[in-house]
Every structure is written in C-alpha cells, then in structure tokens.
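Descriptive structure summary
Read off the chains here:
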Amino acid sequence: MANTSSAKKAARKIARRTAINKARRSRLRTFIGKVEDAIAAGDRSKAVDALKQAEPAIMRAAQKGLVHGNAASRKVSRLTQRVAKLAT
C-alpha cells in the first residue's frame, strides 16, 4: 500500500482512470460486436447502420488513448470491407 500522501493520491487517480477506461473499452466492444452480429446475420442495412455508429466511437477511443490510432483505423477499415462484401 502507498505510504506517502502523493502516492495515495496517485493510487486514487489510477483507480478513477481505470474505471473510466473500463467503461470506454466496454462501450467500444459493444459497438464492434453489433457490427459483427449484423455481418454474421447477413443483414446489410443493419450492418451499415451499426458501422455508422461504431466508426466515431472507435476513433474517439483512439483520441482518448484507449487504442492506438493505427489500430483504430485498421479496425474501421476491416469492418468496412466486411460490410461492403455483404452487397455482393
């Protein structure tokens, strides 16, 4: 356990940030999951709508430092490709 007052404060801050990051990560996974489910069901219109909601959420997560910017772009790109494949 922390001994100094500054270490105690740091521990409190870390706990607060961890809770925020967990919530953000969960929200991100929910959005991605909705797109995945729509793709699996083969429902193009649902997949397009889910992707429109997921893309800003993924990029916001990158801005907040939750995921790397390139990883976020890669996720969006791969989901977009899979949704586009549903049209054929």
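See the structure printed just above.
Here's what I pulled together on the structure shown here.

How each quantity is defined
Residues numbered from 1 in each chain as written. Predicted model: local features only at pLDDT ≥ 70, side-chain atom pairs only at ≥ 80, totals over all residues. Heavy atoms only, no water. Helix = DSSP H or I, 4+ residues; strand = E, 2+ residues; numbered from the N terminus. Rg over C-alpha atoms; globule rule 2.2 N^0.38 Å. Buried < 20%, exposed > 50% of the residue type's maximum accessible area, 1.4 Å probe, protein only. Contact = heavy atoms within 4.5 Å. Salt bridge = Lys/Arg side-chain N within 4 Å of Asp/Glu carboxyl O. Core = buried A, V, L, I, M, F, W, Y, C linked by side-chain atoms within 4.5 Å. Expected span 1.5 Å × (residues − 1). Arc of directions from axis to C-beta.

**Observations regarding the overall build of the protein**
When helices and strands are tallied, the protein shows three helices and zero strands. Helices and strands appear in the protein in the N-to-C order α-α-α. Here the C-alpha radius of gyration of the protein, 18 Å, is well above what a compact globule of 88 residues would show, namely 12 Å. The principal-axis extents of the C-alpha atoms in the protein amount to approximately 65 × 20 × 15 Å. Taking all 88 residues of the protein together, 23% fall into the buried category. Of the contacts formed within the protein by residues at least 6 apart in sequence, a portion of 57% connects residues at least 24 apart.

**A word on the pattern of salt bridges**
Scanning the model with the defined rule gives one salt bridge in all. Ionic pairing is found between Arg-82 and Glu-36, a salt bridge with its closest N-O pair at 3.0 Å. Here the residue Arg-82 occupies a position in helix α3 (residues 69-85), and Glu-36 occupies one in helix α1 (residues 5-41), the gap between them amounting to 46 residues. Here Arg-82 falls in the partly exposed class, since its relative accessible area comes to 36%.

**Regarding the nonpolar core**
Formed by 19 residues in total, the largest nonpolar core has its most connected members in Val-35, Ile-39, Ile-58, Leu-79 and Val-83. Where this core is concerned, the elements lending two or more residues are α1, α2 (44-63) and α3. Sort the elements by how many residues they give to this core and α2 lands first, with eight residues. When residues no more than four places from it in sequence are discounted, the contact partners of Val-35 are Ala-50, Leu-51, Ala-54, Leu-79 and Val-83.

**Observations concerning α1**
Because each turn of an α-helix spans 3.6 residues, side chains separated by three or four positions in sequence point in the same direction. Here α1 spans 54 Å end to end across 37 residues, near enough to the 54 Å set by a 1.5 Å rise per residue. Along α1, the residues that are buried comprise Leu-28, Phe-31, Ile-32, Val-35, Ala-38 and Ile-39. Where α1 is buried, its residues touch α2 and α3. Just beyond α1, the residue with positive phi is Gly-42, at close to 80 degrees.

**So, α3**
Taking 1.5 Å per residue, 17 residues should reach 24 Å; α3 reaches 25 Å between its end C-alpha atoms and fits that length. The complete set of buried residues in α3 reads Ala-71, Ala-72, Val-76, Leu-79 and Val-83. Angular distribution of buried residues about the axis of α3 spans 135 degrees; they occupy a single face of the element. Along α3, exposed side chains directed more than 90 degrees from the buried face belong to Asn-70, Arg-78, Gln-81 and Lys-85. Where α3 is buried, its residues touch α1 and α2.

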